[in-house]
Amino acid sequence: MNAVPTAAGMGLLSCEVCRLVSRAPAPGGDAHCPRCGATLHARKPASLARTWSFLIAAMLLYVPANTLPIMDTSSLFGTQRDTIVSGVAFLWTSGSFVLAALVFFASVMVPLAKMIALAVLAGSVQVRSVRNRRTRTRLFRLVEFIGRWSMLDIYVVTILVALVQVNTLATIHAGPGAAAFGAVVVLTMFAAASFDPRLIWDMQEEGERP
Amino acid sequence: METPPAAFVACLECDLLHRRTPLPPGGEARCKRCGARLYRAAPADANERALALALTACILFIVANAYPIVGLDVQGVRNSATLFGAVESLWDDEARAVAVLVFVTTILVPAAELIGLTWVLLALRQGERGYGAVPLLHFIESVKPWAMVEVFVLGVLVSLVKLAHIAIIEPGVALFSFGGLMLFIAAASAAFDPDAAWSQLEATQ
Ligand SMILES: [Zn+2]
Ligand SMILES: [Zn+2]
């Protein structure tokens, strides 16, 4: 018997879709929510293995995402290849400091910080840490909230490709970096969705009481 | 006598069990161990409001997709693009994976979420179960992170600043519609009370 009353400790399952708490069936049977029919798990299945897989794939793709051009601009004066960082530099040198900072934050800082945070979260659960559990839970909440903003540059490229066409003296094409960057965003979102923050709390401190 | 499991709510972030207790109007219950939100006391007409906001968002969605987002004028040559047109240019530009990603996050998922939510809320308002309401609500919950209208709006603004250096920019009707759509989607999902919807669905079973 656990010192702290958790759903799993009491033999109950909570539905992640409709939040209904129901009694877990006999071991072996597949559990479904009596109200909404969702498949119930005490913890997300293979949470750590899946988080690490998505995370490592994202880290590998982060390299081409930043080194390959996300767009090519061809005009009468030649072709210019832009990576994410050179796009930020262009905004900065043309005087749009706020936007440069915004794009740098969304496209460079957020994906990097998100991957580091997920590695810290998964790693700390792996070594069964009981420290700073509340802070780590907050970190996870932040990762879930902020990750989507990395899509910013993908949308910028979309609009530029659509508008700057043959008849406007220059043409903009999407580069291979854009696909790699999009994949990084998608993979980190999958990694965050695979991680189960309840694992952080499953390690009980000595003598913990409700 | 034992309390039925449904009288409890478990924290999704740390699994701590809490007994559901009535809240004062406008109040919300947070997990006492990790601080995550557990449930809130929504006003009785919360889902009526959510329905009105979702219907408005549906109209804005149609306008936002029917008109050009922005026009470009380079020495008398004009170009403009709708969102779907922009997705098509990416596709034709061999950036197919990116085109699919943009289509899914700015058109497909927001549309599915809005239509699904409106459908379920309309059915509940009539006091009916509504065809497919349970899988629809389920679906809405699971695709939510993939609707990125607000990020798209910011992306459009950034690209406009970049283009302002080479051409004259003419913001289109759809740009403002997307701005409004972003606000109404946020308002509709903030007003929506899933607890009430689920118990109502359970009652009409
Ligand atoms: Zn359920
Ligand atoms: Zn909690």
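No experiment lies behind these values; they were computed from the predicted model shown.

Rules of the game
- Residues numbered from 1 in each chain as written.
- Chains lettered and ligands numbered in written order.
- Predicted model: local features only at pLDDT ≥ 70, side-chain atom pairs only at ≥ 80, totals over all residues.
- Heavy atoms only, no water.
- Donors = N, O, S within 2.8 Å, 3.2 Å for Na, K, Ca; no water.
- Helix = DSSP H or I, 4+ residues; strand = E, 2+ residues; numbered from the N terminus.
- Buried < 20%, exposed > 50% of the residue type's maximum accessible area, 1.4 Å probe, protein only.
- Pairing = 2+ DSSP bridges.
- Axes fitted to C-alpha atoms, helices over the stretch in contact; angles between N-to-C directions.
- Domains from an automatic or database assignment.
- Patch = residues over 30% accessible without salt bridge, like charges linked within 9 Å, V, L, I, M, F, W, Y side chains within 5 Å.
- Areas by Shrake-Rupley, 256 points an atom, 1.4 Å probe, with all protein chains shown as cover.
- Salt bridge = Lys/Arg side-chain N within 4 Å of Asp/Glu carboxyl O.
- Tetrahedral: all angles 85-135°; square planar, octahedral: opposite > 155°, others 65-115°.
- pLDDT = per-residue confidence, 0-100.
- Contact = heavy atoms within 4.5 Å.
- Buried area = accessible area lost by both parts, 1.4 Å probe.
- Polar contact = N/O pair within 3.5 Å; in protein donor to acceptor, adjacent residues only side chain to side chain.
- Nonpolar A, V, L, I, M, F, W, Y, C, P; charged D, E, K, R; others polar.
- Core = buried A, V, L, I, M, F, W, Y, C linked by side-chain atoms within 4.5 Å.
- Expected span 1.5 Å × (residues − 1).
- Bend = angle between axes of the 7 residues up to and from the residue.
- Phe/Tyr/Trp six-rings, centres within 6.5 Å; stacked < 30°, edge-to-face > 60°.

Caption draft 1: View of the coordination of the zinc ion (ligand 1). Residue and element names in this part refer to chain A. Protein ligation of the zinc ion (ligand 1) involves C15 (SG), C18 (SG), C33 (SG) and C36 (SG), the donor distances falling in the range 2.2 to 2.4 Å. Donor residues for the zinc ion (ligand 1), ordered by position in the chain, follow C-x2-C-x14-C-x2-C. In this pair, C15 sits in the loop between β1 (12-14) and β2 (21-23) while C33 sits in the loop between β2 and α1 (47-67), placing the two residues 18 residues apart along the sequence. Take C15 and C33: they sit in the same class, and that class is buried.

Caption draft 2: Seen up close, the sheet that holds strand β5 (residues 170-174) of chain A. All names here are of chain A. The strand order across the open sheet built from three strands is β4-β3-β5, with neighbouring strands paired in antiparallel fashion. Taken across any chain shown, the strands that pair with only one partner, and hence form the sheet edges, are β4 (78-82) and β5. Mean inter-strand twist for the sheet, computed between neighbouring axes without regard to direction, equals 20°. Summarising the sheet, strand β3 (residues 71-75) and β5 pair through five bridges and their orientation is antiparallel. Bridge assignment links S75 to a residue of β5, and that residue is A170.

Caption draft 3: Main features of the domain arrangement of chain B. Examined at the domain level, chain B breaks down into domain 1 (5-40) and domain 2 (46-203). Relative placement of domain 1 of chain B and domain 2 of chain B: their C-alpha centres are 31 Å apart.

Caption draft 4: Quick look at a nonpolar patch on the surface. Residue and element names in this part refer to chain A. A surface patch of nonpolar side chains, about 290 Å² in accessible area, is lined by I56, M59 and L60. Within the secondary structure layout, M59 lies in helix α1. On the basis of relative accessible area, M59 is assigned to the partly exposed category, the value being 35%.

Caption draft 5: Structural context of the coordination of the zinc ion (ligand 2). All names here are of chain B. All of the protein donors around the zinc ion (ligand 2) are C11 (SG), C14 (SG), C31 (SG) and C34 (SG); their distances to the metal are 2.2 to 2.4 Å. Geometry at the zinc ion (ligand 2) is tetrahedral, judged from its four donor atoms and the angles of 99 to 115° they form at the metal. Assessed through its relative accessible area of 1%, C14 is described here as buried.

Caption draft 6: Summary view of the confidence of the model for chain B. Confidence in the prediction of chain B, expressed as mean pLDDT, is 90, and 98% of residues score 70 or more. Interface scoring of the predicted complex returns ipTM 0.91; its pTM is 0.91.

Caption draft 7: The arrangement of the interface of chain B and chain A in detail. Between chain B and chain A, the residue contacts involve 66 residues of the former and 62 residues of the latter. In total, chain B and chain A occlude about 5,900 Å² of area from one another, counting both sides; carbon and sulfur atoms represent 68% of this. Inspection of the region where chain B meets chain A yields four salt bridges. Across the pair E150 of chain B and R148 of chain A runs a salt bridge whose closest N-O atoms are separated by 2.8 Å. Joining chain B to chain A, the criterion identifies 16 residue pairs in polar contact (both at pLDDT 80 or more). Of the residues that constitute the side of chain B that touches chain A, the class distribution is 39 nonpolar, 13 polar and 14 charged.

Caption draft 8: Fine view of the sheet that holds strand β7 (residues 168-171) of chain B. Residue and element names in this part refer to chain B. The strand order across the open sheet built from three strands is β6-β5-β7, with neighbouring strands paired in antiparallel fashion. Of all strands in the sheet, those with a lone pairing partner are β6 (77-81) and β7, marking the two edges. Here the average twist between neighbouring strands, direction ignored, is 20°. Bridging between strand β5 (residues 70-74) and β7 involves four bridges; their strand directions are antiparallel. Across the sheet, the residue bridging to L72 is I169, located in β7.

Caption draft 9: Spatial organisation of the pairing of β5 of chain B. Residue and element names in this part refer to chain B. In terms of residue burial, β5 counts as a mostly covered element, since five of its five residues are buried. Where β5 and β6 come together, five bridges link them in antiparallel fashion. Along β6, the bridge assignment pairs L72 with N79.

Caption draft 10: View of the nonpolar core. Membership of the largest hydrophobic core comes to 104 residues, with the highest contact counts inside it found for M151 of chain A together with I69, L90, F152, F178 and L181 of chain B. When sequence neighbours within four positions are dropped, the list of residues in contact with L90 of chain B reads T158, V161 and A174 of chain A together with A95, R96, V98, A99 and V102 of chain B. Core analysis: the next-biggest nonpolar cluster, separate from the first, contains 27 residues, C36 of chain A together with V134, A188 and L201 of chain B among them.

Caption draft 11: Here's a closer look at helix α3 (residues 97-126) of chain A. Residue and element names in this part refer to chain A. With 30 residues, α3 ought to run about 44 Å at 1.5 Å a step, and its terminal C-alpha atoms sit 41 Å apart, in line with that. Within α3, the axis deviates most sharply at M109, by approximately 40°, and proline P111 lies no more than four positions further along. Note on α3: the residue one or two positions beyond its end, R128, has a positive phi of about 55°.

Caption draft 12: Structural context of the domain arrangement of chain A. Examined at the domain level, chain A breaks down into domain 1 (1-42) and domain 2 (46-202). One C-alpha centre belongs to domain 1 of chain A, the other to domain 2 of chain A, and the line joining them spans 35 Å.

Caption draft 13: Structural view of the packing of aromatic side chains. Residues and elements named next belong to chain B. Counting across every chain of the model gives seven aromatic pairs over all chains. Seen in terms of ring centroids, F84 and F103 are 6.1 Å apart; in terms of plane orientation they differ by 70°. Their pairing is edge-to-face. Of the two residues, F84 is situated in helix α2 (residues 83-92) and F103 in helix α3 (residues 96-125); the sequence distance between them amounts to 19 residues.

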